[in-house]
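Inside the fold
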Amino acid sequence: MKLNFFKACKAAAVGLSLAACVGAVTNAEAAPNFPRKQIQIVVPYAPGGASDVVARIYGKELEGVLGKPVIIVNRTGASGAIGLESVKNARPDGYTMSYMPVESTMLKALGIAEVSSDDFDFVCRIMTIPAAITVSADAPWNTLDEFLTYAKENPGKVLVGNSGSGSIWHVAAASLAKAAGVEFTHVPFDGAAPAIAGLLGKNITAVAVSPAEVKANVDAGQFKVLAVIGDAHSSVVPDVKTTRELGYDVTAMGWGGFAVPKGTPEEVVQILSDASAKVAQSENLKSLLKERGFEYAPLTGTEMDAFAKDQLDQYSQLIPELLGKK
Amino acid sequence: MDMSLWWDSFLAILTPEVLMFNAAGVLIGIVIGALPGLSATMAIAILTPITFWFDPSCGFAMLIGVWNSAIFAGGITAILINTPGTPASIASTFDGYQMYRQGRGGLALGINVIYSAIGGIISTLFLIFLAFPIASFTVSFGPTEYFMLALFGLMMMISVSENNVVKGMAVGFAGLTLSTVGIDPILAVKRYTMDSTSLAAGISFLPVMIGMFGLGEVLNQMYEYKQSTAGSALEMLKKASAKLGRILPTWKEFKQFFRPTVLAGAESTIIGAIPAAGADIASIICWGQAKKLSKNPDEYGKGSAEGFAVSCTSNNGVLGGALTTMLTLGIPGDAVTAILIGSLMMYGMQPGPKMFTEDTGFVMQIMQLMILSNIAIVVFGLLSAKMSAKILNARPQTVWVGVTALCVVGSYALNNSFSDVLLMAAAGVVGFIFKRGGFAPGPFILGLLLGGMLESNLRRALVMSQGSLDIFFERPVTLVLMILIALTLCFPLIKKAVLKRRKAA
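In short, a report on the structure. (Residues numbered from 1 in each chain as written. Chains lettered and ligands numbered in written order. Predicted model: local features only at pLDDT ≥ 70, side-chain atom pairs only at ≥ 80, totals over all residues. Heavy atoms only, no water.)

1. Remarks on the overall build of chain A
- Helix and strand counts for chain A stand at 11 helices and 11 strands.
- The buried share among the 326 residues of chain A stands at 56%.
- Accessible surface for chain A amounts to roughly 13500 Å². Of this, 54% is attributable to carbon and sulfur atoms. (Helix = DSSP H or I, 4+ residues; strand = E, 2+ residues; numbered from the N terminus. Buried < 20%, exposed > 50% of the residue type's maximum accessible area, 1.4 Å probe, protein only. Areas by Shrake-Rupley, 256 points an atom, 1.4 Å probe, with all protein chains shown as cover.)

Okay, here's the thing in structure tokens:
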């Protein structure tokens, strides 16, 4: 009996070490053999919002390209800082990704959190979202110039709604005011919808939100868009000129991409970047962006790293100036 | 609207597939709504991508079914374990759980089914006949009106203070104070966050509510159980759960509830149609108003079937209102309608004023699906009422473990966050201490819930007026609300004076 027990122990030990060897071998191969399990994408905003919908379609397409399940997790709060911080602190192995909004380059300057786009390696950018300077259809101004002239003559009288204090639309409107040398009273709402309701109910003079969010009311003849702030014309209101074309040097726009925490092995970042480039070509993604009124504007991971760095520098300087933050 | 169009769209939804998807949606909604922490919003966000594979009418049949029934099912847990399954059923805990403890759990479950459906149907009727007038009134609501609404909601602190108004006010203001933790709504600076990102997100209301009502109640029962070794508390509970009593209200009760519930249905439709006011505040305001107008206001909060019927009607009544804003203005009245707008866009429709003219048939289908879902709720709800209560017939220890597990899972599932679980646990302990000290948790929850709305709209109004308080007196709707609030506060005093004079005479 004793011997048998000894034998059994020995066999178990051999078995264990064998298993350990196998484990070690697969571990060594882990990096190029990515992914081997489910990938999680953290969206720092609520389910159903614009970023959530885009992330869900991206995740579904990524699943097809990589052949492993991709799940979406929403972690909301503090203008996105909660979700971003959770990814920043996750193990940098490529299995935890984050949806990256423009806010990732703004939170630090706003003083809300320490996390910034510098803590991540991008794998792609998917879209950009311009801001639409929108007023009621029966407002007396038909061009941006007329509107800004009125604002100049009535400093502080023009109430411009935005989707939250320190949001990209707030910064966009503040940049426009600075470029035009006028004074707006910025009215922050809890999201774009209440701001739009505020304009519909004539509680405010104008809103700066994304074109898609005002499209229904523009189509119905309740609103008119005076200008878009962004790189290019918006596909939602293609006839409206950009502020730059109208002679004001402002481009503050929203964008959305995906990233992994810094420290992720280069091979893994590469695999995800390549996969994302394929996803970006998918018709499903393109048609979703079109339906939702976002501009399809893909960038590769490396291009996006450079772009985000640029944005981070820009906002770190601009936000304290515009919003009087230290 | 054209009758033949109605008939055509009615035939379009009367297909086996649409009915099946609707029934499936209602069943999913009952399960998700009854689990604390899993909200209607979450269910719909997860199901929406799946519905893109279906025909629009099937997809919407499912989503509208889930939405209506999740709100209704939130009341089931409010009755059975004192924890509202969704924030919309917060007012259902005031009376529902008391009814259950008094051995009238069956009636409470029955009222929840019937009056939720009635609320949904009343509000859909408003949507059908008065959508445009309601929407043009509610869209004029600005920050000053929202501030007054929040203040109106806070008045209900007095009603839910149970026996001690001073203690109620004390915890109410503690709740208000806690709601200021987080990022300042106007200046975007951090307040009381102690450099923690979790706190920068604020003290979220849902984990606190789950902890205070659910875990707090469990702790309290455990404490009382130990004290009464004879097991009188246990006996009482067992008796209560074994004897559910009848489910359907009597004809007399039905007549008694008629006026307050129809009023609540109308009120909640209008509150639901206000773009930034939701089911939670609607049910609180309606419950408080019904109490003021009731013949037996003292019963409210102590197991009043009438009060419970009002809160059930009003939380489902909001849905028709939210759809009104969504369909007529194209702006979401709450998180669920925001998602529904997204999925309508995916189907190539643009919600907003033009949808009524361009996709008239589908608008009618949505309205009919609302009615259909509410009928399905009555069928499934009544069939499952006895069954859902049976689950709690287990030994109290089992129930405690089960409820605690639900509280933990629910608070984690909200935002996938452990700090929410810790917050829930802390709120549970505080809730227990409140209970032992005779402090009602209701005012605390109200303060925390409405604090943000109160503060941000007050300050938004002051930003708009550049610091002048005149803005509160210049707007007619604000003034009317202000007068209503003043009347609510003075009503008991006036009533007393009148009674005295009558007695003297």
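2. Concerning the nonpolar core
- One finds Tyr58, Met97, Phe147, Phe184 and Phe258 of chain A together with Trp67 of chain B to be the most contacted residues of the largest nonpolar core, which totals 216 residues.
- Among the domains, domain 1 (39–129 + 255–302 + 316–323) and domain 2 (131–229) of chain A are the pair contributing at least three residues each to this core.
- Ignoring sequence-local partners within four residues, the contact set of Met97 of chain A consists of Ile39, Gln40, Ile41, Val42, Tyr58, Leu62, Val87, Val123, Phe258, Ala259, Val260 and Leu272 of chain A. (Core = buried A, V, L, I, M, F, W, Y, C linked by side-chain atoms within 4.5 Å. Domains from an automatic or database assignment. Contact = heavy atoms within 4.5 Å.)

3. A word on the side chain of Thr325 of chain B
All names here are of chain B.
- Residue placement: Thr325 occurs in helix H13 (residues 305–329).
- Classification of Thr325 by relative accessible area gives buried; the value is 0%.
- Polar contacts involving the side chain of Thr325 include one to the main-chain carbonyl oxygen of Gly321, which spans 3.2 Å.
- Not counting residues within four places of it along the chain, the set of residues in contact with Thr325 comprises Gly272, Ala273, Pro275, Gly330, Ile331 and Gly333. (Polar contact = N/O pair within 3.5 Å; in protein donor to acceptor, adjacent residues only side chain to side chain.)

4. Remarks on the pairing of strand E7 (residues 185–188) of chain A
Residue and element names in this part refer to chain A.
- By the alternation rule, side chains of E7 split into Thr185 and Val187 and His186 and Pro188, which are all buried.
- Across 4 bridges, strand E6 (residues 159–162) lies against E7 in parallel orientation. If you follow Asn162 over to E7, its bridge partner there is Pro188.
- Note that the unit made of E6, helix H6 (residues 168–180) and E7 has a crossover that is right-handed. (Pairing = 2+ DSSP bridges. Right-handed = clockwise from strand over helix to strand, strands pointing away.)

5. So, the pattern of salt bridges
Residue and element names in this part refer to chain B.
- This structure, assessed with the given rule, holds 19 salt bridges over all chains.
- The shortest N-O distance in the salt bridge between Glu145 and Arg475 comes to 3.0 Å. Taken together, the residues span a long stretch of sequence, with Glu145 in helix H6 (residues 143–159) and Arg475 in the loop between helix H20 (471–474) and helix H21 (476–504) at a distance of 330 residues.
- One salt bridge connects Asp184 with Arg191, and the closest N-O pair in it is separated by 3.3 Å. Each member of the pair, Asp184 together with Arg191, is buried. (Salt bridge = Lys/Arg side-chain N within 4 Å of Asp/Glu carboxyl O.)

6. Quick notes on the packing of helix H5 (residues 92–138) of chain B against H13 of chain B
Residue and element names in this part refer to chain B.
- The contact between H5 and H13 brings their axes to 4 Å, and the two run at 30°. When the interaxial angle is binned, H5 and H13 end up roughly parallel. The two elements H5 and H13 cross, and the hand of that crossing is right-handed.
- For the contact of H5 with H13, the class distribution of residues is 17 nonpolar, 17 polar and 2 charged. (Axes fitted to C-alpha atoms, helices over the stretch in contact; angles between N-to-C directions. Parallel < 35°, antiparallel > 145°, perpendicular 65-115°, else oblique. Left-handed = near helix turned anticlockwise from the far one by under 90°. Nonpolar A, V, L, I, M, F, W, Y, C, P; charged D, E, K, R; others polar.)

7. Things to note about a nonpolar patch on the surface
- On the surface, Val480, Ile483, Leu484, Leu487, Ile494 and Val498 of chain B cluster together into a nonpolar patch covering about 510 Å² of accessible area.
- Relative to the helices and strands, Val480 of chain B resides in helix H21. (Patch = residues over 30% accessible without salt bridge, like charges linked within 9 Å, V, L, I, M, F, W, Y side chains within 5 Å.)

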